[in-house]
Amino acid sequence: MRKDPTERLLRGLYSAVLYLLIPVTVYHLIWRGFRAREYLQRWNERYGYYFAPPREVDVWVHAVSVGEVNAAAPVVNALRAQHPDLRWLITTITPTGSERVRALWGDSVQHVYVPYDLSGAVGRFLRAFRPRLALVMETELWPNLLFGCRDFGMPAYLLNARLSARSLRGYKPLSALIRRMLRTLRGIGAQSHDDGAHFVALGAARERVLDTGNLKFDIAAPANAGEFSAQLHARIGARPVWIAASTHVEEEAPVLEMHARLRRQFPGLLLLWAPRHPERFPKVADAARDAGFRVATRKAQIWPDADDDVFVVDTFGELMLFYACADVAFVGGSLQAIGGHNLLEPAAVGTAMVTGPQLHNFKEISKRLVEAGALEIGRDADEVEAHVAALLADAGKRDAMAEAGRALVEHGRGALPKTLAMIAADLP
């Protein structure tokens with residue numbers, strides 16, 4: 001596709017602004033580095049420079065962090081099984097995403113951080129790896145990166161794509177640029193009809209937007225979940241357990257307050273606590289100790305014992321296993337304006353769920369879970385606590401919610417074959 005003069009102007013203005021913001025990117029990395037040391041490493045990759053000579057690849061998958069890597073895993077695994085000779089590059093933005101890539105595929109794929117959306121960095125990245133197909137996950141809409149794919153003659157797809165009404169409004173000021181960028185894509189596999197409609201409203205070509213469904217429904221429950229749960233419960237005895245998963249900083253104090261009050265109703269109640277970001281692991285452990293709780297952590301003690309009140313899950317890749325250990329799950333990012341986190345993981349392992357009201361990133365899934373009777377939504381922390389307490393007291397309702405969640409996940413499967421069919425013509 002030939003670049004039109006308006007595109008050249010818009011890309012030039014966009015790129016000029018980004019180059020002016022380079023000091024901000026450095027400051028951001030340093031600021032994040034104070035919280036997570038991994039952000040102080042591998043800066044060269046974020047600007048498109050590589051110490052070791054990169055190897056050319058056939059398929060490049062970009063997934064920003066852990067959730068997107070997990071969503072990409074069924075696609076990557078299926079294609080690797082069908083086409084074992086394909087060479088792979090998986091990029092992420094966050095260190096936690098990087099760790100998840102290595103945990104899933106080790107050295108069998110190349111992995112680097114995706115560069116910032118600077119035209120020079122993007123050009124160096126694409127020239128270094130020369131991928132023949134780009135698969136971008138969910139909402140990673142970076143103009144220079146996607147225009148670069150087109151300019152290098154590389155077909156690009158947006159998979160498991162989601163776009164909330166809020167995000168649609170946020171992109172409107174850049175609509176002239178975003179519309180042109182979206183039209184470089186060979187296809188957009190939307191999670192739902194609403195997501196697809198939002199992409200069309202933003203400027204995507206209607207005929208290239210397909211409602212493929214949500215790849216996260218195709219996630220498999222860990223085969224060892226039952227054994228893992230039995231190991232934990234053998235160590236803690238006959239105690240009720242709830243989990244606070246993917247929590248953010250503003251949710252930490254409410255979680256501690258809820259746990260203190262819930263323990264008065266349910267003596268011996270154990271809290272499994274899995275913060276969203278690794279820099280919060282030691283913070284929540286210290287906060288729980290300061291609140292008078294006995295605390296153990298996955299890294300230090302491996303398992304909780306019969307006397308522990310709070311067990312901090314400070315590892316990656318085990319969240320579904322710990323969901324399977326809990327009677328009730330609170331899924332965070334929902335009591336502050338984050339938009340929620342993956343609700344299908346606890347559903348897949350059969351754990352009753354409670355969230356707060358902030359679910360704009362999972363509007364369709366949360367609606368379906370509520371309608372199925374697999375999810376309770378609290379309007380605030382007090383109502384979340386009330387739902388957790390009611391479920392801890394009612395094993396029958398927990399079992400019914402668990403069965404409804406598993407059934408919904410099973411019924412929702414099918415995004416994987418639709419996604420593979422969409423990209424099949426452009427596989428190298």
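Going by the structure above, here's the rest.
Residues numbered from 1 in each chain as written. Predicted model: local features only at pLDDT ≥ 70, side-chain atom pairs only at ≥ 80, totals over all residues. Heavy atoms only, no water.

**Student:** What should I look at first to understand the sheet that holds strand β10 (residues 295-297) in this one?
**Tutor:** Backbone-to-backbone hydrogen bonds pair the strands of a sheet. The strands run either parallel or antiparallel. In spatial order, the strands read β10-β11-β9-β8-β12-β13-β14; together these 7 strands make up an open sheet with parallel pairing. Edge positions in the open sheet fall to β10 and β14 (375-377), since each of these has one partner strand only. Each adjacent strand pair in this sheet contributes to an overall mean axis angle of 20°, direction not counted. Inspection of the sheet shows strand β9 (residues 270-275) paired to strand β11 (residues 310-312) by 3 bridges, in the parallel sense. Bridge pairing in β11 places Trp273 opposite Val312. (Pairing = 2+ DSSP bridges. Helix = DSSP H or I, 4+ residues; strand = E, 2+ residues; numbered from the N terminus. Axes fitted to C-alpha atoms, helices over the stretch in contact; angles between N-to-C directions.)

**Student:** Can you help me understand the environment of Ala121 in this one?
**Tutor:** Within the element layout of this structure, Ala121 appears in helix α6 (residues 119-129). What makes Ala121 buried here is its relative accessible area of 1%. (Buried < 20%, exposed > 50% of the residue type's maximum accessible area, 1.4 Å probe, protein only.)

**Student:** What am I meant to see in the environment of Tyr113 here?
**Tutor:** By secondary structure assignment, the location of Tyr113 is in strand β3 (residues 110-113). For Tyr113, a relative accessible area of 2% puts it in the buried group. In this structure, the C-alpha to C-alpha distance between Tyr113 and Ala306, residues 193 residues apart in sequence, is 42 Å. Not counting residues within four places of it along the chain, the set of residues in contact with Tyr113 comprises Gln41, Arg42, Glu45, Arg46, Thr91, Thr92, Ile93, Thr94, Pro95 and Ser98. (Contact = heavy atoms within 4.5 Å.)

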